[in-house]
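Chain residues, written in single-letter form:
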Amino acid sequence: RTVHIFGNTVDDVSAFIHAVLEEGDIAILDQNLDFTGHHRLGTDLVAQLRASGFTGLLCIRSGSSSPSDRQFYLNSGADCVIPKEGKMTDIVREIQQAYMAHERRCAVDEIPSPDRRGSVR
């Protein structure tokens, strides 16, 4: 699989949305996206992706991960929350566990989920 990194300019937001919808299985978004003269919230992009039909895994990465913050991120449509201060091994484990739980929910709810090649099954 290919990893794409976005976020140099506010113009990357639409390219990010397009790339996730076209070929994404997992997307990790910072909660606070600050561009010169622009501020966007990752939770707003999560809601936009869900409204556009994205069924893959969405993770919010944030320095604010209190229980109420985590609940806010999950209520926006995110599947997991990744703290910025986390160790890489813990982050990988969190994403893996969230992906497996997401796959189980998709199977139970009969929601199409991306397969390993990126197509919807």
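See above for the structure.
Residues numbered from 1 in each chain as written. Predicted model: local features only at pLDDT ≥ 70, side-chain atom pairs only at ≥ 80, totals over all residues. Heavy atoms only, no water.

(A) A look at helix H1 (residues 12-23). With 12 residues, H1 ought to run about 16 Å at 1.5 Å a step, and its terminal C-alpha atoms sit 16 Å apart, in line with that. Where H1 is buried, its residues touch strand S1 (26-30), strand S2 (32-35), strand S3 (38-41) and helix H2 (42-51). (Helix = DSSP H or I, 4+ residues; strand = E, 2+ residues; numbered from the N terminus. Expected span 1.5 Å × (residues − 1). Contact = heavy atoms within 4.5 Å.)

(B) Inspection of the pairing of S2 at higher detail. Taking every second residue as pointing to the same face, the buried face of S2 carries Leu33 and Phe35, while none of Asn32 and Asp34 on the other face is buried. Between the antiparallel neighbours S2 and S3 lie 2 residues, among them Gly37 with a positive phi of about 80 degrees. (Buried < 20%, exposed > 50% of the residue type's maximum accessible area, 1.4 Å probe, protein only. Pairing = 2+ DSSP bridges.)

(C) Looking closely at the packing of aromatic side chains. This structure, assessed with the given rule, holds 2 aromatic pairs. For the ring pair Phe72 and Tyr73, a centre distance of 6.0 Å and an interplane angle of 65 degrees mean the geometry is edge-to-face. Taking the relative accessible area as the measure of exposure, Phe72 reaches 46% and is therefore partly exposed. Under the relative-accessibility criterion, Tyr73 is labelled buried at 3%. (Phe/Tyr/Trp six-rings, centres within 6.5 Å; stacked < 30°, edge-to-face > 60°.)

(D) Region of the structure containing the nonpolar core. Phe16, Leu29, Leu49 and Leu58 are the most contacted members of the largest nonpolar core, which has 17 residues in total. Mapped onto this core, the elements with two or more residues apiece are H1, S1, S2, H2 and strand S4 (57-62). Broken down by element, this core gets its largest block of residues, 4 residues, from H1. With residues up to four places along the chain from it excluded, the contact list for Phe16 reads Phe6, Ala27, Leu29 and Leu49. Ranked by size, the runner-up nonpolar core spans 8 residues in total, among them Cys59, Cys80, Ile91 and Ala98. (Core = buried A, V, L, I, M, F, W, Y, C linked by side-chain atoms within 4.5 Å.)

(E) How the structure looks around the environment of Asp44. Residue position: Asp44 is located in helix H2. For Asp44, a relative accessible area of 44% gives the class partly exposed. Along the sequence, Asp44 and Ser76 sit 32 residues apart, while their C-alpha atoms lie 7.5 Å from each other.

(F) How the structure looks around the pattern of salt bridges. In the structure shown here, the tally under the stated rule is 4 salt bridges. Notably, a salt bridge pairs Arg61 with Asp30, separated by 3.2 Å at the nearest N-O pair. Of this pair, Arg61 sits in strand S4 while Asp30 sits in strand S1, placing them 31 residues apart in sequence. Given the relative accessible area of 30%, Arg61 is considered partly exposed. Arg93 is paired through a salt bridge with Asp90; the nearest N and O atoms lie 2.6 Å apart. Residue Arg93 and its partner Asp90 are both found in helix H4 (residues 88-109); the two are separated by 3 residues, about one turn of the helix. Judged by its relative accessible area of 42%, Arg93 is partly exposed. Taking relative accessible area as the criterion, Asp90 reaches 36% and is therefore assigned partly exposed. (Salt bridge = Lys/Arg side-chain N within 4 Å of Asp/Glu carboxyl O.)

Keep in mind these values describe shape, not function.
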